[in-house]
Every structure is written in structure tokens, then in C-alpha cells.
Amino acid sequence: MENMVYAEELVKEFLVFRGFTNTLQAFVKELGTDIGKGFQVDKIIDLVFSIYIPKFQAENLIQLLRFFSNCFSSHETHLISVISELDISIIQYYIIHAIQAGRKDKVIELFDIHGTELLQKDQHWASWFAIPYIKAPQSEPKFRVYFSKEWSNALHLSLRNFLTKMFNGTRIPALMKISSERNMVSRLKGDIKQLNFKLAQLQVSLEEKETQLHHSSLLATEVIVGTDSTSNPLPGSGEPTVFVPASSHVNCVSASAQAGEREPKHSEDIRPDDTQVSTSKISNHSGQSERNTENDAQREEEFPEVRVDFQETFLGHTSPISRCRFSATGDNVASASVDGTVRIWTYDSSAPTSRNATIYCGAEIMSLEWECKSDRLLLIGTADGGIKAWNVDAKRVVCDLSCTEAFPSVLDLKCSPVEPIFVSAAASRWPGLSDIGKLGYASLTVWNMRTWKAMTVLPLGEDPPPITSVCFNHNGKLLAAAATDGMIHMFDMSAGLQITGWPAHDSAISSVMFGSDETSIFTLGIDGKIFEWSLQNQGKVLWSSDCSRFCNLRSSSHYKHEMALDAYGRRLLVTSNSLRAPIYQVRGHAYGMRTLPHSASITTVDWHPTSPIFLTGSADHSVRVTSMV
């Protein structure tokens, strides 16, 4: 009966919920005087043989025996007879103990109160009525056996065995099965976790075998081509030719096959003393990186796979994942799919699931953002200009805002970490596939989260290019906005004015975020270039990398790529057209790591706010929570 306490807590919770305060008080009172001791055998044995009988509490003993007779009254006839015989033996033990203790008055008192009831149950009690008046009943043949140690030990053992069998075999109420089923679900989840891990290991082994076959095919091609391919490169070729066999990676989706299923290419790190880097210099640097493609690709093959502590896979969606975000505490996850649904769930089986919900928005979800100070509110931006505020405690939409008709696509939402405001970045056109540069014009609006009204529109100039990504710094005083023209715009939120800006990429910027130490800012371009810019020396590149093999929008099923920085600012996770996503070591000497594979491209990523746990959403409709060792 290990689930008894859990069932009792459920009853209390229900009574409080229904407002049955009188019933709750009566229930708590009866729990405090639980005569059955929660059906715990050891406690019942102690109650009978260590309290009621030694202290001559005959009335309590009779009530306990009646209680168990009622509990087991629905069982088979032969069990009812066993219960009756045990009742008689326990009362006889009480009488013998009183005689041995010199308390014949307690025996007479018992017969005076319950004698008639005992006679009605069994006529053999008639001879026992004389025992208090016999000088040496232990010498009488009829009573001698009851004074022996063997008989009392046998009674102890019989009662223990009977109670154990009855409690273990008793039909368990449906309320008590909840805890058992909950434990079973937890065990099954653990089994699923282990099986998923084994599956991932097998997938890795399969990919390694395919990579070996791929290298063997390349080697065979080089042998056939000979020195001619080295001395006479193909005309018009600006980079080394790679031969990929038609059978390579047959288990991947077409987008991954077009991407070549290789890991990201690293450009050489830009030295910290390179100041005032212009976009033309960045292009030259990228060209030098392309000349070293073969060396970079070889490095990328050495990317180790992340060492996984645990991994949970959420399969609640029925279409590709567009966004997924950890809540402010990291306890809850919000994930959106292209069919216009948002799901709130938790990856921890021990955590309460009362916040789990499904939200139907009626349009494609383009942005998600949790309130920074709590897990209470979730903001949802859609492709039809809608912004919904979902209260996870009340499980309802508390506000449904609409952008102007001129800017229907809400590309990004960000909440201030300090004030009750958020900023929406909207565009004037629908983002078609690979059309991040054709989103029309931009609008940046600041909203009040108490009145749910627009406060101001940040100035961007005449006919500004769309803003694809925005982020606040740690105190909410600065807002960074990345545009499709490759510019970074910096706003002073107290004044509502743009204070600076600089060209960061030759192409559109897909994602922007402040570094963990707030002295730098990261940008990801649609060309796959990643830069970390100094905020103290504007235009200075502190670190860079090239993930262009992963960020090919032409072969992508989503209109922009994302990046996410861990809580310590050391690891940068990027979305991918491949089955795996790269995790770069920021300013580190290590080349990076690879995530465990999905079965389709990785469309959205996020990091836990405090722990080495990351999210990956995929076009295969799944969302994974992975904890790194």
C-alpha cells in the first residue's frame, strides 16, 4: 500500500478545489486517528501486541477487529471464517495476558461488556467465562495450550502472514492506481530514453560507415583522374571539385543531400588586433577561407559528437518545427510548427505538467518569446500580423494584438529583461522560401505589457530594409536590430533613438544576439558567416567562423537560420540544413562539436538559461532536449 499517501493527497487537493472544507476537516481528522494505520502490517502488529493488549485497551482492540472484519467482508467465505478464528484467538490472547498479569478484573470487565456478543458468534466462549474464577487456569487441560510460548508465537506469525496476504491481494481502488501508473510511465520514459540513446549510437555508427564508403569513393576517383585533375583544374572552377557518389547518404532528405551532408567549414579566426574591419575586408577574408576548404573540411570531419547525459524527444507536433524556446527558468518549453500550433510542455518527468497546453493560432508561427522575469507569459508572433499573449497559469490568451496591415509578418519578438515592455520586428511582405532579402520594409514597435498598447515606433529612416532579428542587452537600455542589408542598428531605449550602426555582412543578417559579457555582439548572415563584434571598439571582429555548408537558404525549408549562445557564452549552436547542427567553441582552440542527428534538417535552436542543455527543432516534426556531460 505504498501509494496510499499519494492517493490521500489527491483527495485533499480535490476537496480544496471543490470547496468542501467541512468534508476536508473531517477527512483530516479521521486520518489523524486512522485505526487501520494505512494498512501497514508492522504498525498494526505493534498496535495489537504492544499497545492495546499490554495496556488492557479492550474496547480499542474490539473496534480494530470490527474494522478489519468490515474491510474483508466482501472476500471469499473461507477467508471470512479465517478472519473470525483470528478474532477469537486475539481476544483469547488478551484474556490470557490479563490472567498472567494478575488483572482478572479486566477479564471480568471484557465479559460484562462483550460477553453476549461473543456467545452469539461462538458458543465455545461459555467455558471461558469461568477462567477468571479458576485459581490455576494454566494447569487446566482446556486452557493449558493457550499459556504456552509456542501458541502466542504462532498467533503473531499467523496474524502477520494473513494481513500481508490480504493487503497485497486486496483490489486496489482506482484512485491508488494513479501513483502506480505514474511510476510505470516514468519507468517507460526511462526505457524510451535509453532506447533513443542506443538508436542515436546506431545512427552514428551507420554514418561513420557511410563516411568511410564516401572517402573510399573519393580515393578511387582520385586514382582514376590521376595527376591531370591536379595540374588541369576544371575551367571556371573557383574551388576544389568534390565528387560525391550517388549512393551516399541515401537515408537523408533531399535538402540534406543537396547540402552534401558535411559538417561546417571553419574560416581562420580573425586576429583580435584587426581593428576597423570593413565589409570588403570580410569578403577578402572569406575568399582566403575558401582556398583552404579541403583543410577545413578535414577538420570538420574531426568534430566530436556531443557527450550526452540525457536526451528527451517531444513528438507532439504534426508538421515541421518553426521555433522552440526555453522559458525564463528553463522548466518549460514552447515549440511552434508551421501548421500554426504552439505547444507548451516540460522535458522533466518529475516536474508538474499543469502548464502543458496546445495553442491554435490559425497562421504560421514566425516568432516566440517568453517573459524574461517569469514563466507566466508567452508571446507568439504570426505571419498574419498577430501577436498573442498566452498566460500559462490561466491557460488562455490574455491579449490578442494586431500589427498594422502594412506590416503583417512578425519576424521577431523580444521582451525587455527589466521593464514590462517588448519589441516586435515586422515586415511588409510574406517571407517565401529563400526570400529573406525580399521582405519589403521594416517596422519596429515598442509595446507596453501592462496596457497591451503600442508605446512608440523606433525610427529606421525612409523605406528601411526589414529587421530580421532583435535583442536587448542585460539591463534593457540597448536594443540591437539586424537588417537584410547587412547592417546592425543600435537603439537607446530610454530615448527611443538610434545611436549607432555599422555594416556587418555583405548579405542579409539572419540572427543577432549580445554576448554573455555584454562587451560584444554576434551576427549570423545568410551567407553562413558568423562574426563576434566588439562593442567597445566598433567594427572590430573578435572572433569569426564559417558555417555556410549548413546555412544554405536555397536548400532550406525555412526562411532564416538561427543561432543560440549558452549561458556562459562559450558555445554557439547554429541551425542546419543537415541532420546535425554544429556547436562552435567561441574564441576557443577546439574546432567544435556535432549534435546527435535528427532525421531531417534542424530548423530552430535554443540553450537552457543556466544549464548545459540545448533544444533542437527539426523538419521531421520532433523537438529534442539534450543535456551535455
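Thresholds applied
- Residues numbered from 1 in each chain as written.
- Predicted model: local features only at pLDDT ≥ 70, side-chain atom pairs only at ≥ 80, totals over all residues.
- Heavy atoms only, no water.
- 1 Å grid on protein atoms, 1.4 Å probe; cavity = no way out; pocket = protein on both sides within 12 Å on 5 of 7 lines; lining within 4 Å.
- Points joined across faces, edges and corners; volume = space filled by probe spheres on them.
- Helix = DSSP H or I, 4+ residues; strand = E, 2+ residues; numbered from the N terminus.
- Bend = angle between axes of the 7 residues up to and from the residue.
- Buried < 20%, exposed > 50% of the residue type's maximum accessible area, 1.4 Å probe, protein only.
- Expected span 1.5 Å × (residues − 1).
- Arc of directions from axis to C-beta.
- Pairing = 2+ DSSP bridges.
- Axes fitted to C-alpha atoms, helices over the stretch in contact; angles between N-to-C directions.
- Phe/Tyr/Trp six-rings, centres within 6.5 Å; stacked < 30°, edge-to-face > 60°.
- Core = buried A, V, L, I, M, F, W, Y, C linked by side-chain atoms within 4.5 Å.
- Contact = heavy atoms within 4.5 Å.
- Patch = residues over 30% accessible without salt bridge, like charges linked within 9 Å, V, L, I, M, F, W, Y side chains within 5 Å.
- Areas by Shrake-Rupley, 256 points an atom, 1.4 Å probe, with all protein chains shown as cover.
- Salt bridge = Lys/Arg side-chain N within 4 Å of Asp/Glu carboxyl O.
- Polar contact = N/O pair within 3.5 Å; in protein donor to acceptor, adjacent residues only side chain to side chain.

Per an unreviewed UniProt entry, the protein chain is named WD repeat-containing protein 91 homolog isoform X3, and its organism is Solanum pennellii.

Visitor: Is there a simple way to think about empty space enclosed by the protein in this case?
Guide: Once rolled over the atoms, a probe with the size of a water molecule shows which space is left empty. The full count for this structure, using the stated rule, is one cavity of 30 Å³ or more. Computed from the structure, the largest cavity encloses a volume of approximately 130 Å³. Along the wall of the largest cavity there are 14 residues; nearest its centre are Leu65, Phe68, Asp87, Leu159 and Leu163. Among the elements of the structure, α3 (41-52), α4 (58-71), α5 (77-100) and α7 (149-169) are those that each provide at least two residues to the lining of the largest cavity.

Visitor: Help me out: how do you make sense of helix α6 (residues 104-121) in this one?
Guide: Within an α-helix, residues lying three or four positions from one another point in the same direction, as the helix has 3.6 residues per turn. The largest bend along α6 measures about 70° and falls at histidine 114. When α6 is considered as a whole, its buried residues turn out to be Lys106, Val107, Leu110, Phe111, His114, Gly115 and Leu118.

Visitor: For this particular structure, what's the right way to read α3?
Guide: For α3, with 12 residues, the first-to-last C-alpha span of 15 Å sits near the 16 Å given by 1.5 Å per residue. Every buried residue belonging to α3 is among Val41, Ile44, Ile45, Leu47, Val48, Phe49 and Tyr52, and all of these are buried. Taken end-on, α3 shows its buried residues confined to a sector of 155°, consistent with a single buried face.

Visitor: Hey, could you run me through unusual backbone geometry in this one?
Guide: Glycine aside, negative phi is the norm for most residues, and most peptide bonds take the trans geometry. One non-glycine residue, aspartate 463, adopts positive backbone phi at about 50°. Within the element layout of this structure, aspartate 463 appears in the loop between β13 (453-458) and β14 (467-472). The partly exposed category is assigned to aspartate 463, whose relative accessible area is 49%.

Visitor: Where do I start with the sheet that holds strand β27 (residues 613-618) in this structure?
Guide: Strand pairing in a sheet relies on backbone hydrogen bonds, with the paired strands running either antiparallel or parallel. In spatial order, the strands read β1-β28-β27-β26; together these four strands make up an open sheet with antiparallel pairing. With one partner strand each, in any of the chains shown, β1 (308-314) and β26 (602-607) form the two edges of the open sheet. If you compare each strand with its neighbour and ignore which way they point, the axes differ by 20° on average. Note that β27 and strand β28 (residues 623-628) share five bridges and pair antiparallel. Each residue of the ladder has a partner; that of isoleucine 613, found in β28, is serine 627.

Visitor: How should I be thinking about the environment of alanine 508 in this particular structure?
Guide: One can find alanine 508 in the loop between β17 (497-503) and β18 (509-514). Taking C-alpha positions, alanine 508 is 5.2 Å from aspartate 485, a pair spaced 23 residues apart along the chain.

Visitor: Can you help me understand the sheet that holds strand β21 (residues 541-546) in this one?
Guide: Spatially, four strands are ordered β18-β19-β20-β21 in an open sheet, and the strand pairing comes out antiparallel. Strands with a single pairing partner mark the edges of an open sheet, and in this sheet they are β18 and β21. When the angles between neighbouring strand axes are averaged without regard to direction, this sheet yields 15°. Two elements, strand β19 (residues 520-525) and strand β20 (residues 529-534), share five bridges in a ladder whose sense is antiparallel. Note on β20: the bridge partner recorded for leucine 524 is isoleucine 530.

Visitor: Sorry if this is basic, but what is going on with the packing of aromatic side chains here?
Guide: For any pair of aromatic rings, geometry is given as the distance between the ring centres together with the angle between the planes. Applying the stated criterion to the full structure yields 18 aromatic pairs. Relative to tyrosine 146, the ring of tryptophan 128 lies with its centre 5.0 Å away and its plane at 65°, an arrangement referred to as edge-to-face. Of the two residues, tryptophan 128 sits in the loop between α6 and α7 while tyrosine 146 sits in the loop between α6 and α7, which places them 18 residues apart along the sequence. Note on accessibility: tryptophan 128 and tyrosine 146 belong to one class, buried. Summarising the aromatic geometry, the rings of phenylalanine 422 and tryptophan 452 are spaced 6.5 Å apart at their centres and angled 50° between planes, so their arrangement reads as tilted. Here phenylalanine 422 is found in strand β11 (residues 421-427), whereas its partner tryptophan 452 is found in the loop between β12 (442-448) and β13, with 30 residues between them in sequence. Taken as a pair, phenylalanine 422 and tryptophan 452 share a single burial class, namely buried. An aromatic cluster of three or more residues is present, and its members are Phe49, Tyr93, Phe111, Trp125, Trp128, Phe129, Phe143, Tyr146 and Trp151.

Visitor: How should I be thinking about the nonpolar core in this particular structure?
Guide: Counting 42 residues, the largest nonpolar core has Ile95 and Trp128 as its most contacted members. The set of elements that each furnish at least two residues to this core consists of α3, α4, α5, α6 and α7. When residues in this core are grouped by element, the largest group, 11 residues, is from α5. Excluding residues within four positions of it along the chain, tryptophan 128 makes contact with Gln92, Ile95, Ile96, Phe111, Phe143 and Tyr146. Among the nonpolar cores identified, the runner-up in size contains 16 residues, and Ile421, Ala425, Leu479 and Phe491 belong to it.

Visitor: Teacher, can you tell me more about a nonpolar patch on the surface here?
Guide: Among the surface-exposed residues, Phe14, Phe17 and Phe20 lie close enough to one another that they form a single nonpolar patch of about 360 Å² accessible area. Relative to the helices and strands, phenylalanine 17 is located in helix α1 (residues 4-18). Using a relative accessible area of 70% as the deciding quantity, one classes phenylalanine 17 as exposed.

Visitor: Looking at this structure, I do not really get the side chain of asparagine 473. What am I missing?
Guide: For asparagine 473, the location among the structural elements is in the loop between β14 and β15 (478-483). Polar side-chain contacts of asparagine 473 include one of 2.8 Å to the side chain of asparagine 475. Within the structure, the side chain of asparagine 473 is placed 3.1 Å from the backbone nitrogen of glycine 476, a separation counted as a polar contact.

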